[in-house]
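# Architecture and fold: a report
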Amino acid sequence: MTRPPAPDADSPPEPARDPAAAGTAPRRWAGRNYTLLSLAAVITNLGASGALIASAFAVLEAGGSATDVGLVAAARTTALIVFILVGGAVADRIPRHRVMVVANTVNCTSQGIFAALVITGEAQLWQMVLLSAIGGTGHAFFAPAAEGMVLSSVTGEQAGRAFALFRVGINGAGIGGAALGGAMVAGVGPGWVLAVDAGAFAVAAALRAFLDVSGIPDREPGDGILADLKVGWREVTGRPWLWSIVLQFAVVNAVVAAAEAVYGPLVAREHLGGAGPWGLAMGAFAAGTLAGALVMTRWKPRRVLLAGVLCVFPLALPPAALAVPLPVAGLAGVMFVSGACIEVFAVAWMMALHQEIPEDKLSRVSSYDWLGSIALIPVTTALAGPMQDLVGRPAALWGCAALVVVLTAAVLCVPDVRQLRRRTEHAAAGPAGTRGAADTGGAAEAAQPIVKAPSGGSGEGTASASPTG
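In this text, all values refer to a predicted model and were calculated from it rather than measured experimentally. (Residues numbered from 1 in each chain as written. Predicted model: local features only at pLDDT ≥ 70, side-chain atom pairs only at ≥ 80, totals over all residues. Heavy atoms only, no water.)

### A look at the packing of aromatic side chains
- Summed over all chains, the structure comprises four aromatic pairs.
- Measuring from ring centre to ring centre gives 5.9 Å for Trp241 and Trp349, while their planes differ by 70°; the resulting arrangement is edge-to-face. Of the two residues, Trp241 sits in helix H8 (residues 240–272) while Trp349 sits in helix H12 (residues 328–356), which places them 108 residues apart along the sequence.
- Owing to a relative accessible area of 1%, Trp241 belongs among the buried residues under this scheme.
- Look at Trp349 and you get buried, because its relative accessible area is 0%. (Phe/Tyr/Trp six-rings, centres within 6.5 Å; stacked < 30°, edge-to-face > 60°. Helix = DSSP H or I, 4+ residues; strand = E, 2+ residues; numbered from the N terminus. Buried < 20%, exposed > 50% of the residue type's maximum accessible area, 1.4 Å probe, protein only.)

### Some thoughts on the pattern of salt bridges
- With the rule as written, the count across this model stands at eight salt bridges.
- In this structure, Arg96 and Glu359 form a salt bridge, with 2.5 Å as the shortest nitrogen-oxygen distance. Of this pair, Arg96 sits in helix H3 (residues 96–120) while Glu359 sits in the loop between H12 and helix H13 (362–374), and the two are 263 residues apart along the sequence. Accessibility assignment for this pair places Arg96 and Glu359 in one class, buried.
- Two residues, Asp360 and Lys361, come together in a salt bridge whose shortest N-O distance is 3.5 Å.
- Of the residues examined, Lys361 reaches a relative accessible area of 16% and is grouped as buried. (Salt bridge = Lys/Arg side-chain N within 4 Å of Asp/Glu carboxyl O.)

### A short note on a nonpolar patch on the surface
- Where nonpolar side chains cluster on the molecular surface, the patch consists of Val102, Val106, Trp126, Leu130 and Ile134 and spans about 460 Å² of accessible area.
- Mapped by element, the contributors of at least two residues to the nonpolar patch are H3 and helix H4 (125–152).
- With three residues, the single largest contributor to the nonpolar patch is H4.
- Summarising the element assignment, Val106 is placed in helix H3.
- The exposure class of Val106 is partly exposed, given its relative accessible area of 33%. (Patch = residues over 30% accessible without salt bridge, like charges linked within 9 Å, V, L, I, M, F, W, Y side chains within 5 Å. Areas by Shrake-Rupley, 256 points an atom, 1.4 Å probe, with all protein chains shown as cover.)

### Points about the confidence of the model for the protein
- Summarising the model, the protein shows a mean pLDDT of 79, and 81% of its residues fall at 70 or more.
- Looking over the protein, one finds the lowest element-wise mean pLDDT in helix H17 (residues 443–446), namely 28, and the highest in helix H15 (residues 393–411), namely 95.
- Under a pLDDT of 50 for its full length, residues 426–451 has, in the predicted model, 82 contacts with residues more than four places off or in other chains.
- In this model residues 453–469 is a low-confidence stretch, pLDDT under 50, and it forms 94 contacts with partners more than four residues away in sequence or in other chains. (pLDDT = per-residue confidence, 0-100. Contact = heavy atoms within 4.5 Å.)

### Topic: the state of the cysteines
- One pass over the structure, following the stated rule, counts zero disulfides.
- Lacking any disulfide linkage, Cys311 is separated from the closest cysteine sulfur, that of Cys341, by 4.7 Å.
- Owing to a relative accessible area of 16%, Cys311 belongs among the buried residues under this scheme. (Disulfide = S-S within 2.5 Å.)

### Quick look at helix H14 (residues 377–391)
- If you check H14, its first and last C-alpha atoms are 20 Å apart, about what 15 residues at 1.5 Å a residue would give, namely 21 Å.
- If you look at H14, its biggest bend is around 40°, right at Ala384, and the proline Pro386 turns up within four residues after that.
- Looking only at H14, the buried set comprises Ile377, Thr380, Ala384 and Gln388.
- If you follow the buried residues of H14, they end up packed against H8, H13 and H15.
- Looking one or two residues beyond H14, the residue adopting positive phi is Gly392, at roughly 95°. (Expected span 1.5 Å × (residues − 1). Bend = angle between axes of the 7 residues up to and from the residue.)

### Focus: the nonpolar core
- Phe163, Trp241, Leu242, Ile245, Leu305, Trp349 and Val417 are the most contacted members of the largest nonpolar core, which has 88 residues in total.
- Discounting chain neighbours no more than four positions away, the residues touching Leu242 are Glu235, Val236, Trp349, Leu353, Ile357 and Val365.
- Judged by nonpolar contacts, the second largest core, of 15 residues, contains Ala51, Leu117, Ala123 and Leu131. (Core = buried A, V, L, I, M, F, W, Y, C linked by side-chain atoms within 4.5 Å.)

### A look at the side chain of Asn171
- Within the fold, Asn171 resides in helix H5 (residues 159–188).
- Take Asn171: its relative accessible area is 13%, and that puts it in the buried class.
- At a separation of 3.0 Å, a polar atom in the side chain of Asn171 contacts the side chain of Glu343.
- When sequence neighbours within four positions are dropped, the list of residues in contact with Asn171 reads Thr289, Leu290, Ala293 and Glu343. (Polar contact = N/O pair within 3.5 Å; in protein donor to acceptor, adjacent residues only side chain to side chain.)

### Comments concerning the environment of Pro144
- You can see Pro144 is positioned in helix H4.
- For the pair Pro144 and Val99, spaced 45 residues apart in the sequence, the C-alpha separation amounts to 9.5 Å.
- Those residues in contact with Pro144 that lie beyond four places of it in its chain are Ile84, Gly87, Gly88, Ala91, His139, Ser363, Ser366 and Ser367.

### So, the environment of Val42
- Considering the arrangement of structural elements, one finds Val42 in helix H1 (residues 32–61).
- Judged by its relative accessible area of 25%, Val42 falls in the partly exposed class.
- Considering only alpha carbons, one finds Val42 and Gly174, 132 residues apart in sequence, at a separation of 8.0 Å.
- Apart from residues no more than four positions distant in its own chain, Val42 is found in contact with Gly169, Ile170 and Ala173.

### Things to note about the packing of H5 against H12
- Closest axis-to-axis distance for the H5/H12 pair is 9 Å, and the angle between their directions is 135°. As summarised for this structure, H5 and H12 are arranged oblique, according to the angle between their axes. You can see that H5 and H12 cross each other, and the crossing is right-handed. Residues Ala159, Gly160, Phe163, Ala164, Arg167 and Asn171 of H5 pack against Glu343, Ala346, Val347, Met350, Met351 and His354 of H12. (Axes fitted to C-alpha atoms, helices over the stretch in contact; angles between N-to-C directions. Parallel < 35°, antiparallel > 145°, perpendicular 65-115°, else oblique. Left-handed = near helix turned anticlockwise from the far one by under 90°.)

Okay, here's the thing in C-alpha cells:
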C-alpha cells in the first residue's frame, strides 16, 4: 500500500478543534492536549508497571501466599468489571478531564495508603484487598474518560501516526517501568515502589488538570445513567464491525491470558529452564509491541480494520509454541511477532473508533469495549487448571490457538470489517447503524491490554495487550 508523505516535522502541532473547519485549517495533530495526555500516560505507566511487581511482593512479604496474591489482583479486576460501564456513562456526561483528575487522585490516595502500610510493616491482607479494589474502581472511571480524551485530541490525516506515537510512549514506559520497578523492589523494598507510583498519579493528575476542553461541545442533559448506557449500547450494537470485534476479543483476550498467565510459567519451569527464559519471552513480546507501534507511525492502511484483524491471527502462535513446546529462542521470536502484530491492531482500532464514533459517545463505547475485553479473563484463568487436568496441557494450549484462529476468521466474514476505510478527516459517524467511512469507497483518501490494548493506555490499571482496552 502507498503511504502519504510524512508531515513537515517543523510544523508546530496544534489540533483543529472544529471538525467542520478541518478542510481549511492546517492539519496539526499533536497539540497541547495530545502532549499533556501522552506525558501523563508515560509517567503513570512508569509507576504502574513497577507497582504491579511491588504489590505482589508486598503481599508475600506480609506473609501471604500465592492465593493471597491472586486475591489482591482479583479485587482490582473485579472492581473494574463492576464499575466500568458506569464510568463510561459518567465520562460522557461531565467533562472528561475532571473525571480523569478525580480518578487519578483516588488512585494516588489508595496507593499512598498501601505504600505507608507496607513501609511500616502494618499491612494486612484485607487492607490490601480493599485498597486494590479502590484502585480498580478509580481505573473504571478513568479508562473510558482517558480513551475519549485521547481519541478527541487529534484530528485529520495524521491521527493514526499520533495514536501510534502515543502507544510507543506508553509501551516504552511499561517496559522501563517494569525493569526499574523490579530493581527497586530488590533494592529498597516494595513499599517505596508503591510510593513512587502514588507520586506518579499525583503528577499525572496535575498535568491532566490543564487539559483544554473549550473546543468540546457542552453535554446536553441526559435522562440518567441507565438511559445513557442504553444510548451507548445502541452505538455498539448498531455497528457490526464494532460488536463483532468486541465479542472476538472477549474470548481472544481470555484464552491468551490463560495461556500466558497460567500455562506459560508451567511450561517454562518444566521444559525451558524456569523463570528466566519465560521473562525473556515476555520481554520479547514487549519489544514487539514497540516495533509494531513504530511501524504504524509510518504505515497507513486504507482498510484499517481489515489490516488490524489480519494481524490478530499471530496471537495463536504463542499458545501453539507452548504446546510443542519450542525452545527459548523460538518462543521469544514468536512472542516478538505476536507483540508487533497486536500493536498494529491496537492502532488500527483506535483509528476506527476515532473516525466512526461520535465524540460525545466515545467514553460509553469505550466502556463496553473494556468490559468485553476483560470480563472473561477471570473465568478462563480460573478454569485453566481444571481444563489442563481434563484434557492435558498441550490439548488445552492447542485449543487456545484454535479459538484465536476461528474467531478471527469469523470476524473477517463481517462485510464492514473488510470494507471500513480510513478517512483523512475526523468526522463523527451518523446515528447507530450507519456505516460511515465504509460507504466512502476510499474516495476521501486520495485528497485515516493482557491482548488487545486499550487505546487510552494501561498506566492507571488494565487491559493489556484496549481495552479490545
